[in-house]
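Reading the structure
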Amino acid sequence: QVQLVESGGGSVQVGGSLRLSCAASGRTFSAYGMGWFRQAPGKEREFVAGISWSGGNTSYSDSVKGRFTISRDNAKNTVYLQMSSLKPEDTAIYYCARGPLRAPLVGRGKDEYRYWGQGTQVTVSS
């Protein structure tokens, strides 16, 4: 069974930064794409960023492009989301998820991700 555990969430002021981490169990982490999604109260869960299994391809939603950076450390079975220039609209629960096996492109749809973490709250206040 795959387990994903997010950490690093918290409260920050507008313009601040946070780095989220997602630690994955299992020995095949490096073979899977990974993604970050978020869900604000009353809204659908939405794609934020994704990274291919090799780390060679990344994808971002338009709302975070240029402010967030996704990366992975396969030796540590961990994927990161560096968030900068945070805005109140970034407030949400952030989830990491495991994508398809060795897919060359980064998936952006929720249905492409089978395993999910429990989420970590990010609150941005003005």
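Residues numbered from 1 in each chain as written. Predicted model: local features only at pLDDT ≥ 70, side-chain atom pairs only at ≥ 80, totals over all residues. Heavy atoms only, no water.

The next subject is unusual backbone geometry. Unlike most non-glycine residues, Asn77 shows phi in positive territory, near 50 degrees. Inspection of the secondary structure puts Asn77 in the loop between β7 (68-73) and β8 (78-83). Its identity as a non-glycine residue notwithstanding, Arg102 has a phi of 50 degrees, on the positive side. On the accessibility criterion, Arg102 (48% relative accessible area) is partly exposed. (Helix = DSSP H or I, 4+ residues; strand = E, 2+ residues; numbered from the N terminus. Buried < 20%, exposed > 50% of the residue type's maximum accessible area, 1.4 Å probe, protein only.)

In terms of burial, strand β3 (residues 18-24) is a largely internal element, five of the seven residues being buried. Note: strand β1 (residues 4-7) against β3, four bridges, orientation antiparallel. Within the sheet, the bridge partner assigned to Val5 lies in β3 and is Ala23. Judged from the six bridges that link them, β3 and β8 form a sheet pairing that is antiparallel. In the strand pairing of β8, Leu20 is matched with Leu81. (Pairing = 2+ DSSP bridges.)

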